[in-house]
Amino acid sequence: MTIRPSAISLPDLASLVRDVPDFPRPGIVFKDITPLLADPAGLDLCVERLARVAEAWKPELVAGIESRGFIVGAPLARQLGLGFVPVRKRGKLPSATVGIDYALEYGSDRLEVHADAICTSQRVLIADDLLATGGTAAATGHLVEKLGGEVCGYSFIITLEFLAGRDRLRQGVPVESILSY
């Protein structure tokens with residue numbers, strides 16, 4: 001695998017993240033990565049950086065969490081020369097699925113993956129755009145383990161440190177985030 005150096009720096013990358021106040025509810029400042037995704041050098045830097053770190057974890061598969069995790073996970077899988085597994089919300093996958101219910105700040109949700117997507121003992125890298133409270137990433141980790149896989153790491157573009165999402169992820173499993181707020 002060849003990872004080429006990017007023409008953009010980390011401070012430049014941070015400038016491509018837009019704050020959107022009061023979205024999706026009043027009082028929340030949403031970190032919008034769409035300007036970063038629209039910038040080829042910015043997206044390249046994210047994928048290069050995450051791939052460089054993840055290589056040491058020796059993943060065999062990348063699982064991306066719906067929906068922005070697809071945007072991060074699929075190019076990351078390609079860069080690493082691995083397959084990609086979409087982790088979807090309830091009822092979105094066409095074949096037999098295995099799912100997990102998990103608690104949200106206000107209610108609950110369900111994630112599903114194809115029942116044959118992950119092999120026993122397969123090392124799985126979980127990718128998403130943002131780590132906030134950690135509930136969705138933790139549920140994805142439990143889903144990987146439910147299928148017999150082993151979570152070898154988590155990759156995010158952004159971590160919101162003040163929400164302590166890392167605390168909800170399996171202890172001892174590495175977590176990489178490019179930007180922290």
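Parameters at a glance
- Residues numbered from 1 in each chain as written.
- Predicted model: local features only at pLDDT ≥ 70, side-chain atom pairs only at ≥ 80, totals over all residues.
- Heavy atoms only, no water.
- Helix = DSSP H or I, 4+ residues; strand = E, 2+ residues; numbered from the N terminus.
- Contact = heavy atoms within 4.5 Å.
- Expected span 1.5 Å × (residues − 1).
- Buried < 20%, exposed > 50% of the residue type's maximum accessible area, 1.4 Å probe, protein only.
- Arc of directions from axis to C-beta.
- Polar contact = N/O pair within 3.5 Å; in protein donor to acceptor, adjacent residues only side chain to side chain.
- Core = buried A, V, L, I, M, F, W, Y, C linked by side-chain atoms within 4.5 Å.
- UniProt positions renumbered as here; feature names shortened; annotations may be inferred.

(A) Fine view of the environment of Arg 123. Along the chain, Arg 123 turns up in strand S7 (residues 123–131). In this structure the C-alpha to C-alpha distance between Arg 123 and Glu 161, which are 38 residues apart in sequence, comes to 26 Å. If sequence neighbours within four positions are ignored, Arg 123 has contacts with Trp 57, Lys 58, Pro 59, Glu 60, Leu 61, Glu 150 and Cys 152.

(B) View of helix H4 (residues 68–80). Here H4 is 13 residues long and its end C-alpha atoms lie 19 Å apart, about the 18 Å a rise of 1.5 Å per residue gives. Those residues of H4 lying buried are Gly 69, Val 72, Gly 73, Leu 76, Ala 77, Gln 79 and Leu 80. One side of H4 holds all its buried residues, which, seen down the axis, span an arc of 160 degrees. Lining the buried residues of H4 we find helix H3 (40–55), strand S3 (61–65), strand S4 (83–89), S7 and strand S8 (150–159).

(C) Spatial organisation of the side chain of Glu 112. Tracing the backbone through its elements, the reader meets Glu 112 in strand S6 (residues 107–114). Judged by relative accessible area, Glu 112 falls into the buried class, the value being 9%. In terms of polar contacts, Glu 112 uses its side chain to reach the side chain of Arg 110, at 3.3 Å. Ignoring anything within four residues of it in the chain, the contact list for Glu 112 reads Pro 86, Val 87, Arg 88, Lys 89, Arg 90, Gly 91, Lys 92, Leu 93, Thr 97, Val 98, Gly 99 and Leu 143.

(D) Broad picture of unusual backbone geometry. The omega torsion across Phe 23 and Pro 24 is 5 degrees, close enough to zero to call that bond cis. Looking at the element boundaries, Pro 24 is found in the loop between strand S1 (18–21) and strand S2 (29–32). A cis amide bond, omega -10 degrees, links Glu 66 with the succeeding residue Ser 67. In this structure, Ser 67 sits in the loop between S3 and H4. Despite not being glycine, Lys 58 shows a phi value in the positive range, around 55 degrees. By the element assignment, Lys 58 lies in the loop between H3 and S3. Accessibility expressed as a relative area gives 58% for Lys 58, which makes it exposed. Phi at Ala 164 takes a positive value of approximately 55 degrees, unusual for a residue other than glycine.

(E) Representation of the nonpolar core within the structure. Counting residues in hydrophobic clusters, the biggest one holds 26 residues, and the most contacted among them are Leu 111, Ala 137, Leu 143, Tyr 154, Phe 156 and Leu 169. Those elements giving two or more residues to this core turn out to be S3, S4, strand S5 (97–104), S6, S7, helix H5 (135–146) and S8. If you tally residues by element for this core, the top one is H5, at five residues. When sequence neighbours within four positions are dropped, the list of residues in contact with Phe 156 reads Leu 50, Asp 128, Asp 129, Leu 130, Leu 131, Ala 137, Leu 169, Val 175, Glu 176, Ser 177 and Ile 178. The next biggest cluster of nonpolar side chains, apart from the first, holds 25 residues, and it includes Ile 33, Leu 50, Trp 57 and Leu 179.

(F) Structural view of the UniProt feature "domain: Phosphoribosyltransferase" (unreviewed entry) in the protein. Look at the UniProt record and you will see "domain: Phosphoribosyltransferase" (unreviewed entry) annotated at residues 37–151. The distance from the first to the last C-alpha atom of residues 37–151 is 26 Å, and the span holds 37% helix and 34% strand.

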